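The residues making up each chain are set out below.
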Amino acid sequence: MKIDLDINGAPRSCDVEPRTTLLDALRDNFLLTGTHAGCEHGVCGACTVLLDGEPVRSCLMLAVQADGYAITTIEGVATSPGELSVIQDAFCETHGMQCGYCTPGMILTAQALLDRSHDISREDIVEAISGNICRCTGYGQIIEAVQFAADRLKKSNAPRGHKLGTATDVGEHDAPLEGVLEAAEADAPGKGPTT
Amino acid sequence: MKPAPFDYVRPGTLAEACELLAADEDARVIAGGQTLVPMLAMRLARPARLIDVLRLPELSGIREDNGAIVVGATTRQANALDNPLIRASVPLLALALPWVGHPPTRNRGTIGGSVANADPSAEIPLVAVTLGAEIEAASPDGPISTPADDFFLGAMLTTIGVGECLSAIRFPVWTHKRIGVGFHEISARRSDFAFVSAAAQIALDDDGRCLDAALGLGGVGDRPIKLDVAALIGGRLDAKSLTDAVAAATTDLEATDDLHASAAYRRRVAVTLCTRALQDACDRANGAEVRGAAR
Ligand SMILES: Cc1cc2nc3c(=O)[nH]c(=O)nc-3n(C[C@@H](O)[C@H](O)[C@H](O)COP(=O)(O)OP(=O)(O)OC[C@H]3O[C@@H](n4cnc5c(N)ncnc54)[C@H](O)[C@@H]3O)c2cc1C
Ligand code: FES
Ligand code: FES
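Residues numbered from 1 in each chain as written. Chains lettered and ligands numbered in written order. Predicted model: local features only at pLDDT ≥ 70, side-chain atom pairs only at ≥ 80, totals over all residues. Heavy atoms only, no water.

### A closer look at the site of ligand 1
Link 1 in the chain: Close contacts around ligand 1 come from 30 residues, with Val 29, Gly 33, Leu 36, Thr 110 and Glu 123 of chain B the closest.
Link 2 in the chain: Nearby residues place ligand 1 at the junction of chains A and B.
Link 3 in the chain: Between Gly 101 of chain B and ligand 1, the recorded distance is 3.4 Å, taken from a backbone N or O atom to an oxygen atom.
Link 4 in the chain: In this structure, Leu 166 of chain B approaches ligand 1 through a main-chain N or O atom, which is 2.9 Å from a nitrogen atom.
Link 5 in the chain: Residue assignment for the shell around ligand 1 shows that the elements contributing at least two residues are strand E2 (27-30), helix H7 (111-117) and strand E10 (165-172) of chain B.
Link 6 in the chain: Considering each element in turn, the shell around ligand 1 owes the most residues, 4 residues, to H7 of chain B.
Link 7 in the chain: Its residues placed into classes, the shell around ligand 1 shows 13 nonpolar, 14 polar and 3 charged. (Near = heavy atom within 4 Å. Polar contact = N/O pair within 3.5 Å; in protein donor to acceptor, adjacent residues only side chain to side chain. Helix = DSSP H or I, 4+ residues; strand = E, 2+ residues; numbered from the N terminus. Nonpolar A, V, L, I, M, F, W, Y, C, P; charged D, E, K, R; others polar.)

Take a look at the structure:
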């Protein structure tokens, strides 16, 4: 069956068997291997992607069911190739990962939480990531990372959902068109601190 | 861990979905897929054809109708949880929903899918049985309505037949002024299926006398059950009357024995959770804050 998706801000289509999960379509058809396959039955959260901005498990969704939806994968959260989003940066700074297997799912889950509000409690974070299993870092640093990112976003004084001016290489590199923050924009090539 | 091949159809109307289901015994409805997709992957289910009902406009939405709140089958659990009508008029459902899976599974999982799936420890079927909801289905011969108590036949077994598609759940609304609800469950991990869960709803009059009471138990047997707590009606509720009512209602409670918990453990926990759920319901009806119960 032919399906049309909007992946990381770019229209994409492919032909899949009905039994193909969205997870497999993303990895095999679109070569977006940042979406990880953990348990493949809904328990671990490694395969989390955003569907119209909300976190879902891509292993529990048939690709044909996703026809017409907007999907954000980990490849689509940074402002441009080679850059990191505020949340990704926060994970680096607080050591919110070790092997990194669970990390794409954690980041996207955190992204959806922070897209809703920057005023979040520790409980909100725990509830949001309760469906994501991490087997090496432990949750302490991950929670710290999300809190840190929330704090930065709050102080960044940028309107949420702010669009980057030009993202010339969109389709090609799956960079996102929107949902990008000014703080991250400051990190974009040519705008960050010169060293 | 990959499903066997199947056809996939996305009908445009509910009538068309029922025709497709009636025409092929091996066809199966798919809604949110949060239970069905893993079953396909493990090849525990091998339907020839999936009928995707998720985008049928007739099946979604939450509305008030004739003293009840009607929740369309494909209403997502996350949307029901956020819905002001449900919070105001079916508070027991709002209290139980955070226990259903995790935020990402609630973004896809539907209210009707959970009811049709009939897991003995699922929270939504428990709320439906406790409140005496009506389960509505569409069939080639027209709509069918079944009381929740009769709808669940056993583990993963309901009255839904070939050609039928669950369309809505009709939750009755209690109109009393002072209503309180309580929900408790024990599971191995946060958001896992419950070993035992208990749901309660209580209505009090201005003098604090009990006008109505409902209590339900999930996870103890092969389907959710409603317990008889009519003895509470008309009296004042205190710790003793609640404990007595639970003791009477659970005297010959039959519980399942499995890998996760023994029957004796389930019975013991059931009594405790029922008492707690009723106590919370009373406290809330009395306007008290219930500590530590929110999820
Ligand atoms: C990690 C994880 C944890 C979970 N934890 C819990 C939990 O704690 N408590 C809980 O209750 N659930 C839990 N679930 C399951 C819950 O998420 C599902 O939402 C629910 O059981 C099924 O709903 P669905 O819409 O996804 O249905 P689907 O998976 O699409 O379908 C389930 C079954 O119902 C049938 N069906 C669906 N809709 C209809 C309809 N309209 N008419 C006729 N038949 C229909 C299907 O044919 C299938 O047999 C969990 C799931 C996961 C992945
Ligand atoms: S791979 Fe999807 S939840 Fe584990
Ligand atoms: S960092 Fe290794 S699983 Fe989370």
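### A few points about the domain arrangement of chain B
All names here are of chain B.
Link 1 in the chain: When its domains are assigned, chain B resolves into domain 1 (7-51), domain 2 (58-171) and domain 3 (180-286).
Link 2 in the chain: Summarising the inter-unit geometry, the C-alpha centres of domain 1 and domain 2 are found 18 Å apart.
Link 3 in the chain: The interface of domain 1 with domain 2 comprises 12 residues on the first partner and 16 residues on the second.
Link 4 in the chain: It is Leu 14, Cys 18 and Gln 34 that lose the most area in domain 1 upon contact with domain 2, and together they represent 46% of the buried surface on that side.
Link 5 in the chain: The interface formed by domain 1 and domain 2 contains 0 salt bridges.
Link 6 in the chain: For the pair domain 1 and domain 2, the number of links is 1 residue pair in polar contact (both at pLDDT 80 or more).
Link 7 in the chain: No other element matches the 4 residues that helix H1 (residues 14-23) contributes to the side of domain 1 that touches domain 2. (Domains from an automatic or database assignment. Contact = heavy atoms within 4.5 Å. Buried area = accessible area lost by both parts, 1.4 Å probe. Salt bridge = Lys/Arg side-chain N within 4 Å of Asp/Glu carboxyl O.)

### A word on the nonpolar core
Link 1 in the chain: Counting 35 residues, the largest nonpolar core has Ile 86, Leu 93, Leu 97, Val 115, Ile 169 and Phe 171 of chain B as the members making the most contacts within it.
Link 2 in the chain: Secondary structure elements with two or more residues in this core: strand E5 (68-72), helix H3 (77-82), helix H5 (91-96), H7, helix H8 (123-131), helix H9 (148-151), E10 and strand E11 (178-186) of chain B.
Link 3 in the chain: Considering every element that reaches this core, the biggest residue donor is H8 of chain B, with 6 residues.
Link 4 in the chain: Three or more residues apiece are contributed to this core by two domains, here domain 2 (58-171) and domain 3 (180-286) of chain B.
Link 5 in the chain: In terms of nonpolar packing, the next biggest core, distinct from the first, is built from 33 residues, Leu 22, Cys 59, Leu 62 and Tyr 69 of chain A among them. (Core = buried A, V, L, I, M, F, W, Y, C linked by side-chain atoms within 4.5 Å. Buried < 20%, exposed > 50% of the residue type's maximum accessible area, 1.4 Å probe, protein only.)

### What to know about the interface of chain B and chain A
Link 1 in the chain: Of the residues lining the interface, 33 residues belong to chain B; the matching set on chain A comes to 30 residues.
Link 2 in the chain: Its largest share of buried area at the contact with chain A, chain B owes to Tyr 8, Pro 104 and Arg 108 of chain B, together 21% of the area lost on that side.
Link 3 in the chain: For the interface between chain B and chain A, the tally reads 5 salt bridges.
Link 4 in the chain: The partner of Arg 106 of chain B in a salt bridge is Glu 127 of chain A, with the nearest N and O atoms 2.9 Å apart.
Link 5 in the chain: Of all the secondary structure elements, the ones that give two or more residues to the side of chain B that touches chain A are helix H2 (36-41), strand E3 (49-52) and helix H6 (103-108) of chain B.
Link 6 in the chain: Among the elements that line the side of chain B that touches chain A, the one with the most residues is H6 of chain B, at 6 residues.
Link 7 in the chain: Broken down by class, the residue content of the side of chain B that touches chain A amounts to 15 nonpolar, 7 polar and 11 charged.

### Structural notes on the environment of Glu 123 of chain B
Residues and elements named next belong to chain B.
Link 1 in the chain: Note on placement: Glu 123 falls in helix H8.
Link 2 in the chain: Sequence separation between Glu 123 and His 176 is 53 residues; the distance between their C-alpha atoms is 24 Å.
Link 3 in the chain: Not counting chain neighbours up to four residues away, the residues in contact with Glu 123 comprise Ala 96, Trp 99, Val 100, Phe 183 and Glu 185.

### Structural notes on the pattern of salt bridges
Residue and element names in this part refer to chain B.
Link 1 in the chain: Scanning all chains against the criterion turns up 18 salt bridges over all chains.
Link 2 in the chain: One salt bridge in this structure joins Arg 49 and Asp 7, with 3.8 Å as the shortest N-O distance. Of this pair, Arg 49 sits in strand E3 while Asp 7 sits in strand E1 (residues 7-9); the two residues are 42 residues apart in sequence, bridging distant segments of the chain.
Link 3 in the chain: Of the charged contacts in the structure, one is a salt bridge between Asp 258 and Arg 266, with a shortest N-O distance of 3.2 Å.

### Here's the deal with a nonpolar patch on the surface
Link 1 in the chain: Taken together, the side chains of Met 1, Met 42 and Leu 44 of chain B make up a nonpolar region of the molecular surface, amounting to roughly 320 Å² of accessible area.
Link 2 in the chain: Here Met 1 of chain B falls in the partly exposed class, since its relative accessible area comes to 48%. (Patch = residues over 30% accessible without salt bridge, like charges linked within 9 Å, V, L, I, M, F, W, Y side chains within 5 Å. Areas by Shrake-Rupley, 256 points an atom, 1.4 Å probe, with all protein chains shown as cover.)

### Regarding the pairing of E5 of chain B
Link 1 in the chain: Counting buried positions along E5 of chain B gives 5 out of 5 residues, so the element sits mostly inside the fold.
Link 2 in the chain: Across the two faces of E5 of chain B the burial is the same, with Ala 68, Val 70 and Gly 72 of chain B and Ile 69 and Val 71 of chain B all buried.

### Re the packing of helix H10 (residues 239-249) of chain B against helix H11 (residues 263-285) of chain B
Residues and elements named next belong to chain B.
Link 1 in the chain: Relative to each other, H10 and H11 sit at 140 degrees, their axes nearing to 9 Å. In terms of their interaxial angle, H10 and H11 are classed as oblique. Seen from above, H10 lies across H11 with right-handed handedness. Each of Ala 239, Leu 242, Thr 243 and Val 246 in H10 lies in contact with H11, whose residues at this interface are Val 271, Cys 274, Thr 275, Leu 278, Gln 279 and Cys 282.
Link 2 in the chain: Here the contact of H10 with H11 is built from residues that sort into 7 nonpolar, 3 polar and no charged. (Axes fitted to C-alpha atoms, helices over the stretch in contact; angles between N-to-C directions. Parallel < 35°, antiparallel > 145°, perpendicular 65-115°, else oblique. Left-handed = near helix turned anticlockwise from the far one by under 90°.)

### Focus: the side chain of Thr 48 of chain A
All names here are of chain A.
Link 1 in the chain: Tracing the backbone through its elements, the reader meets Thr 48 in strand E3 (residues 48-51).
Link 2 in the chain: Judged by its relative accessible area of 1%, Thr 48 falls in the buried class.
Link 3 in the chain: Within the local environment of Thr 48, its side chain forms a polar contact with the backbone oxygen of Gly 45, the two atoms lying 2.6 Å apart.
Link 4 in the chain: Excluding residues within four positions of it along the chain, Thr 48 makes contact with Pro 55, Val 56, Arg 57, Gly 105, Leu 108, Thr 109 and Asn 132.

### Some thoughts on the packing of helix H2 (residues 86-93) of chain A against helix H5 (residues 139-155) of chain A
Residues and elements named next belong to chain A.
Link 1 in the chain: Put simply, H2 and H5 touch, their axes get as near as 8 Å, and they point 135 degrees apart. The angle between H2 and H5 falls in the class oblique. Where H2 crosses over H5, the handedness of that crossing is right-handed. When H2 is examined against H5, the residues Val 86, Ile 87, Asp 89, Ala 90, Phe 91 and Glu 93 are found in contact with a partner set consisting of Ile 142, Ala 145, Val 146, Phe 148, Ala 149, Arg 152 and Leu 153.
Link 2 in the chain: Looking at the contact of H2 with H5 residue by residue, the class counts come to 10 nonpolar, no polar and 3 charged.

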